[in-house]
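Residue-level structure breakdown
Chain by chain, the residues run as shown.
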Amino acid sequence: MPIDLHTAYELLCKATSMPFCITEDKKPVYTFLDASTSIFTEQFTELCIDTFLNGQKDPSSPLVIIFEPTFFIGVARLTNHSYLLIGPSIPFRHTNEQIGQQMDSLIYHNQNLVSSLLILQPLSKYHEFINIICLALYLFDQRQVNASLIESIRLKDIIPASAESDLTHYMFDAQENIFFHTPEQLEVELTTAVEKGDKDLLIRILEEPVSGRLGVLSLDPERQLRYMFVTAAGVISRAAMRGGLDYETACSMADIYCQQMDRIKDIASIEALQEQMVFDYVSKVASLSGNDASSVLIKSCCNFIGKNLHSELSLAVLSDFCHLSPRRLSQRFTKEMGISVMDYVHQLRMKEAARLLRYTSFSISEISNYLNYSTQSYFTLIFQKQYGITPSQYRNNQTNSE
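Presented here is a report on the structure given in the accompanying data block. Just so it is clear, the structure is predicted and the values come from calculations on it, not from any experiment.

Along the backbone of the protein chain there are 18 helices and six strands. Within the protein chain, the proportion of its 402 residues that are buried is 47%. For the protein chain, the accessible surface area stands at approximately 19,900 Å², while carbon and sulfur atoms represent 51% of it.

Here the focus is the environment of Ile270. Relative to the helices and strands, Ile270 resides in helix α11 (residues 267-286). Residue Ile270 is classed as buried on the basis of its relative accessible area of 0%. Considering only alpha carbons, one finds Ile270 and Cys258, 12 residues apart in sequence, at a separation of 10.0 Å. Each residue touching Ile270, except ones within four places of it in the same chain, is listed here: Leu225, Arg226, Phe229, Met261 and Ile264.

Turning our eyes to something else, we now look at the side chain of Ser82. Along the chain, the position of Ser82 falls in strand β5 (residues 82-89). Looking at Ser82, the relative accessible area reads 4%, which means it is buried. Contact partners of Ser82, with chain neighbours within four places excluded, come to Thr23, Glu24 and Arg77.

Let's shift gears to the environment of Met342. Inspection of the secondary structure assignment puts Met342 in helix α15 (residues 341-359). On the basis of relative accessible area, Met342 is assigned to the partly exposed category, the value being 27%. Taking the C-alpha atoms as reference points, Met342 and Ile305, separated by 37 residues in sequence, lie 9.9 Å from one another. Those residues within four positions of Met342 in sequence are excluded, and the remaining contacts are Leu313, Ser314 and Leu315.

The residue after Gly87, namely Pro88, is reached through a cis peptide bond having omega 5°. Relative to the elements of secondary structure, Pro88 occurs in strand β5. Positive phi values are uncommon outside glycine, yet Asp25 reaches one of about 50°. With respect to the element layout, Asp25 can be found in the loop between β1 (20-24) and β2 (27-31).

The next thing to look at is the pattern of salt bridges. Throughout the structure, instances matching the rule amount to four salt bridges. We note a salt bridge from Lys26 to Asp50, for which the minimum N-O separation is 2.6 Å. Taken together, the residues span a long stretch of sequence, with Lys26 in the loop between β1 and β2 and Asp50 in helix α2 (residues 42-55) at a distance of 24 residues. Lys26 sits in the partly exposed class, given a relative accessible area of 24%.

A few words on the packing of helix α13 (residues 315-322) against helix α14 (residues 326-337). Between two packed helices, what matters for the description is the angle formed by their axes and the separation of those axes. Contact pair α13 / α14: the axes reach a minimum separation of 9 Å and the direction vectors enclose 85°. Judged by the inter-axis angle, α13 sits roughly perpendicular to α14. Contacts between α13 and α14 pair Leu315, Leu318, Ser319 and Cys322 from the former with Pro326, Leu329 and Ser330 from the latter. Counted by class, the contact of α13 with α14 contains five nonpolar, two polar and no charged residues.

In this structure, Ile305, Leu318, Phe333, Ile367, Phe379 and Phe383 are the most contacted members of the largest nonpolar core, which totals 31 residues. The set of elements that each furnish at least two residues to this core consists of α12 (293-307), α13, α14, α15, α16 (364-370) and α17 (376-387). Those residues in contact with Phe383 that lie beyond four places of it in its chain are Met350, Ala353, Ala354, Leu357, Gly388, Ile389, Thr390, Pro391 and Tyr394. Phe229, Met253, Ile270 and Val282 belong to the second largest nonpolar core, which has 30 residues in total.

Here we take up the state of the cysteines. Two cysteines joined by a covalent bond between their sulfur atoms form a disulfide. Taken as a whole, this structure holds zero disulfides when the rule is applied. Between Cys21, a cysteine without a disulfide, and Cys48, which holds the nearest cysteine sulfur, the sulfur-to-sulfur distance is 9.0 Å. Look at Cys21 and you get buried, because its relative accessible area is 0%.

This next bit is on the packing of helix α8 (residues 199-207) against α11. Put simply, α8 and α11 touch, their axes get as near as 10 Å, and they point 155° apart. In this view, α8 runs roughly antiparallel relative to α11, as classed from their interaxial angle. Taken as a pair, α8 and α11 cross one another with a handedness that is right-handed. Across from Lys199, Leu202, Ile203 and Leu206 in α8, the residues of α11 making contact are Glu275, Val278, Phe279 and Val282.

The next subject is the pairing of β1. Walk down a regular strand and you will see the side chains alternate between the two sheet faces. Most of β1 sits out of view: four of its five residues are buried. Pairing analysis gives five bridges linking β1 to β5, with the strands arranged antiparallel. Across the sheet, the residue bridging to Cys21 is Leu85, located in β5. Here β1 pairs with β2 via four bridges, running antiparallel. The residue of β2 that forms the bridge with Thr23 is Pro28. Counted along the chain from β1 to the antiparallel partner β2, the turn is two residues long, and its residue Asp25 has a positive phi close to 50°.

Moving on, we get to a nonpolar patch on the surface. Taken together, the side chains of Leu135, Tyr138 and Leu139 make up a nonpolar region of the molecular surface, amounting to roughly 250 Å² of accessible area. Classification of Tyr138 by relative accessible area gives partly exposed; the value is 40%.

The rules behind the values
- Each chain carries its own residue numbering, running from 1 in the direction its sequence is written.
- Given that the model is predicted, a residue must reach a pLDDT of at least 70 before its local features are reported, and side-chain atom pairs must reach 80 or more before they are shown or counted; all residues, however, enter totals for whole chains, interfaces and linings.
- Side-chain measures here rest on the full set of heavy atoms in the structure, leaving out hydrogens and waters.
- For the purposes of this entry, the term helix denotes a DSSP run of H or I that reaches at least four residues, the term strand denotes a run of E that reaches at least two, and both are numbered from the N terminus.
- Exposure categories follow from relative accessible area, calculated using a 1.4 Å probe and restricted to protein chains: below 20% of the type maximum is buried, above 50% is exposed, and the middle band is partly exposed.
- For the area figures, the Shrake-Rupley method with a 1.4 Å probe applies, and any residue is considered shielded solely by the protein chains shown.
- Contacts were defined at the residue level, with two residues in contact if any of their heavy atoms lie within 4.5 Å.
- The term salt bridge refers to a side-chain nitrogen of Lys or Arg lying within 4 Å of a carboxyl oxygen of Asp or Glu.
- Note on geometry: axes are C-alpha line fits, over the in-contact stretch for helices, and angles between N-to-C directions span 0 to 180 degrees.
- Here the word oblique covers every angle except those under 35 degrees (roughly parallel), over 145 (roughly antiparallel) and from 65 to 115 (roughly perpendicular).
- Lys, Arg, Asp and Glu make up the charged group, whereas Ala, Val, Leu, Ile, Met, Phe, Trp, Tyr, Cys and Pro make up the nonpolar group; the residues left over, Gly among them, are polar.
- Among the buried residues, those of types Ala, Val, Leu, Ile, Met, Phe, Trp, Tyr and Cys that are joined through side-chain atoms within 4.5 Å form a nonpolar core.
- A pair of cysteine sulfur atoms is labelled a disulfide when the two atoms are within 2.5 Å.
- In this scheme, a crossing is called left-handed if the near helix is turned counterclockwise away from the far one by less than a right angle; it is called right-handed if the turn is clockwise.
- Between any two strands, pairing holds if DSSP finds at least two bridges.
- Exposure above 30% relative accessible area and no salt bridge define the residues that can form patches, which grow by joining like charges within 9 Å and nonpolar side chains of Val, Leu, Ile, Met, Phe, Trp and Tyr within 5 Å.

Structure below.
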């Protein structure tokens, strides 16, 4: 005899150690881990559901919300009035100090209990968290969700969900949502121009008047423009990747332009820099037009690697993604990139490791685990091979130079 949904979710919750919450009319009615009641307050669940309603294009698909300090909450609609909330999923360990500095206590009844939950919750990789969400929805109504299409949105300024209309003023960095209130067709045309490297189309788009208004991310005009600039950089860089620009170049360009924007003081110069950024991406994509089909394949492989540095990236996994035999992929990758595919994987992971060592307080073992290395000693060996010093020495050097 089949088990009921409540029992199924209890079993899934225990098997994954992942808290679950079911809401009715935005209020929590079932929680499947005792400790999770500390985070699933009425204010918190209302904030999550309002974010889902404002930020999700497809109501049948889940949305992942990223809170500070970094943890994930999955939100999925079950019925018109009920939602499933899953999380928190913790990608890396936080300290009490980090949690205290970044957590907004106004949306939780007991900040100490929430801090304990975030510290004690087992670590889980992002793709594992997505799989749990997909399984939970399949158990509910046999809904099959394409995991790769699940969107995420980041909330950096989290406020109490006192009114749904107020929430939109504090949402920013929404992936692929550069113009929150403007017609969707404008965003489609703009990203299409970048993806195709079509400068003429871009000029026509920029010359046409824009109807509607931009999303209000801040009541301060300068801060609003800066938020929109960062959002635009993320959206445009992804469009350029779809057009064939490799992951590392696309991300580095976004980083550099955002750093330049951060140093600019007047609004007119920020607007000019944003236009320059879009044209720069278009030019970069246009310069790839002479590449043959095999280059497109390898660039797709590079993009896949760049997006999955936290996951397993063996030669078998990559050859399966490229629909080539491991031997054939190795030959073609080395011929086009001038480096073996696994050396390329290590190269990108070490760049990410260097950033984490410099800008975060994660331990070396945490970084090693996050980048999917089997042992810390192996991670250290690869890092030293690329940078000539150990991860500890690299972090010490960066600290002393600041």
